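Given next are the chains, with one letter for each unit.
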There are 2 protein chains.
Amino acid sequence: MSENLDEHIDEMLKTAGLYHTENRVLILKMLFKAGKPLSQEKIARQAGTNNLDKVTIYRTLESLFNAGLVHKAFLNKRASHYELAHRCTKKQCHPHFTCTKCGSTHCLVDLALPMPVSYHKGFIINHQQVHLEGLCPACS
Amino acid sequence: MSENLDEHIDEMLKTAGLYHTENRVLILKMLFKAGKPLSQEKIARQAGTNNLDKVTIYRTLESLFNAGLVHKAFLNKRASHYELAHRCTKKQCHPHFTCTKCGSTHCLVDLALPMPVSYHKGFIINHQQVHLEGLCPACS
DNA sequence: AAACATTTGCAACATAGTTGCATTTTTGAT
DNA sequence: ATCAAAAATGCAACTATGTTGCAAATGTTT
Ligand SMILES: [Mn+2]
Ligand SMILES: [Mn+2]
Ligand SMILES: [Zn+2]
Ligand SMILES: [Zn+2]
């Protein structure tokens, strides 16, 4: 995946019907590399010299989100975080874990949680996100 | 509970070791009455004439939160929402449901979800919050 | 190359939340 | 009831996050 990541990203954008732009490629690469949810601010800082405008980052993430390539992760932070959708099913993202001591975030991609079936008459459940808190291996 | 709500709130504050103030009583009453998570803005608007300062609301909620009387609900909105902790166990809040059509929020207090047991060596899971999306009875 | 659609950067704005500090309220002890 | 200490409140100013409008730049299609 390391060699042909560029090709993979090209394919993702083409399939999604999105214009192939420098910023989309850059941000998708960052998300692949990070392997966990990133905020606008982290992306901006990591881009450094690339002089990415804040608004552009938000709009780029939104276009990737609308295309289904990216998910909003549901952390207990003030800022939204985005991650690749490649490790989520349509109905269920993997759980996210936040360490209450060091603040680190972990994607528990292999922790399968049951999706609740229909609740009461009339409720249709389409999507689930689970957020866990506790102590990470480094802090426990 | 309607008659002795005041007494109940007095008791809550006393047990928590918090000063008994007008604002704490007012906000706790609102949260009881609402039965679902409220944001600072909703509390301010509902207080109306009572002329509650924004900062005071935040600080009041924080004191109630630190005392464990109130939880932060984890909705996919920009602003934090707070609710009474009385329908949550220490480790697990009830799931919250947001309707993607009308935006309404529902507390699924009788939907019991299993708490994931320890994940990998080193992870200690202390708390779980689940957020569901779909269509509410009015919209489905 | 030309025409069209989308993306980008910038400035200005809106909303959520925080901090410092002087004043007021609550509490517990006299 | 009076007083002193501790905590809560209101206000102003501030930071951080996110949004909107628009002209210029870039990507796509023919
Ligand atoms: Mn993740
Ligand atoms: Mn609730
Ligand atoms: Zn940790
Ligand atoms: Zn609805």
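To be clear, the structure that these remarks concern was listed above.
Fair warning: this is a prediction, and the values are worked out from it, not measured in the lab.

Digging into the interface of chain B and chain A
Line of reasoning, step 1. Taken together, the 32 residues of chain B in the interface contact 32 residues of chain A.
Line of reasoning, step 2. Taking both partners together, chain B and chain A bury about 2,700 Å²; carbon and sulfur atoms supply 64% of that area.
Line of reasoning, step 3. Inspection of the chain B/chain A interface yields zero salt bridges.
Line of reasoning, step 4. Counting the contacts that link chain B with chain A gives ten residue pairs in polar contact (both at pLDDT 80 or more).
Line of reasoning, step 5. Looking at which element gives the most residues to the side of chain B that touches chain A, the answer is strand E6 (residues 124-135) of chain B, with twelve residues.
Line of reasoning, step 6. Looking at the side of chain B that touches chain A residue by residue, the class counts come to 18 nonpolar, eleven polar and three charged.

Focus on the sheet that holds strand E4 (residues 96-99) of chain B
What links the strands of a sheet is backbone hydrogen bonding, and the strands pair in either a parallel or an antiparallel sense.
Line of reasoning, step 1. Read from one edge of the open sheet, six strands run E5(A)-E4(A)-E6(A)-E6(B)-E4(B)-E5(B), paired in mixed fashion. Lying at the two open borders of the sheet, with one neighbouring strand each, are strand E5 (105-107) of chain A together with strand E5 (105-107) of chain B. For this sheet the average axis-to-axis angle between neighbouring strands, irrespective of direction, equals 25 degrees.
Line of reasoning, step 2. Note: strand E6 (residues 124-135) of chain A against E6 of chain B, eleven bridges, orientation antiparallel. Bridging from a neighbouring strand, Gly134 of chain A pairs with Ile125 of chain B of E6 of chain B.

Re the protein's contact with DNA strand D
Line of reasoning, step 1. Surrounding DNA strand D, one finds 20 residues, the nearest of these being Lys54 and Tyr58 of chain A together with Arg24, Arg59 and Arg78 of chain B.
Line of reasoning, step 2. Take the atoms of DNA strand D that sit within 4 Å of the protein: sugar and phosphate atoms are 64% of them.
Line of reasoning, step 3. Note that a phosphate oxygen of DNA strand D is positioned 2.8 Å from one of the side-chain N or O atoms of Thr56 of chain B.
Line of reasoning, step 4. Taking Thr60 of chain B, its side chain carries an N or O atom lying 3.4 Å from a phosphate oxygen of DNA strand D.
Line of reasoning, step 5. Looking at side-chain class alone, the surface near DNA strand D contains six nonpolar, seven polar and seven charged residues.

A closer look at the protein's contact with DNA strand C
Line of reasoning, step 1. Close to DNA strand C lie 20 residues, the nearest being Arg24, Thr56 and Arg59 of chain A together with His20 and Tyr58 of chain B.
Line of reasoning, step 2. A distance of 2.8 Å is found between a base nitrogen of DNA strand C and a side-chain nitrogen or oxygen belonging to Arg78 of chain A.
Line of reasoning, step 3. The set of elements that each furnish at least two residues to the surface near DNA strand C consists of helix H2 (22-34) and helix H4 (54-66) of chain A together with helix H4 (54-66) of chain B.
Line of reasoning, step 4. Class assignment for the residues of the surface near DNA strand C results in six nonpolar, seven polar and seven charged.

Thresholds applied
- Residues numbered from 1 in each chain as written.
- Chains lettered and ligands numbered in written order.
- Predicted model: local features only at pLDDT ≥ 70, side-chain atom pairs only at ≥ 80, totals over all residues.
- Heavy atoms only, no water.
- Contact = heavy atoms within 4.5 Å.
- Buried area = accessible area lost by both parts, 1.4 Å probe.
- Salt bridge = Lys/Arg side-chain N within 4 Å of Asp/Glu carboxyl O.
- Polar contact = N/O pair within 3.5 Å; in protein donor to acceptor, adjacent residues only side chain to side chain.
- Helix = DSSP H or I, 4+ residues; strand = E, 2+ residues; numbered from the N terminus.
- Nonpolar A, V, L, I, M, F, W, Y, C, P; charged D, E, K, R; others polar.
- Pairing = 2+ DSSP bridges.
- Axes fitted to C-alpha atoms, helices over the stretch in contact; angles between N-to-C directions.
- Near = heavy atom within 4 Å.

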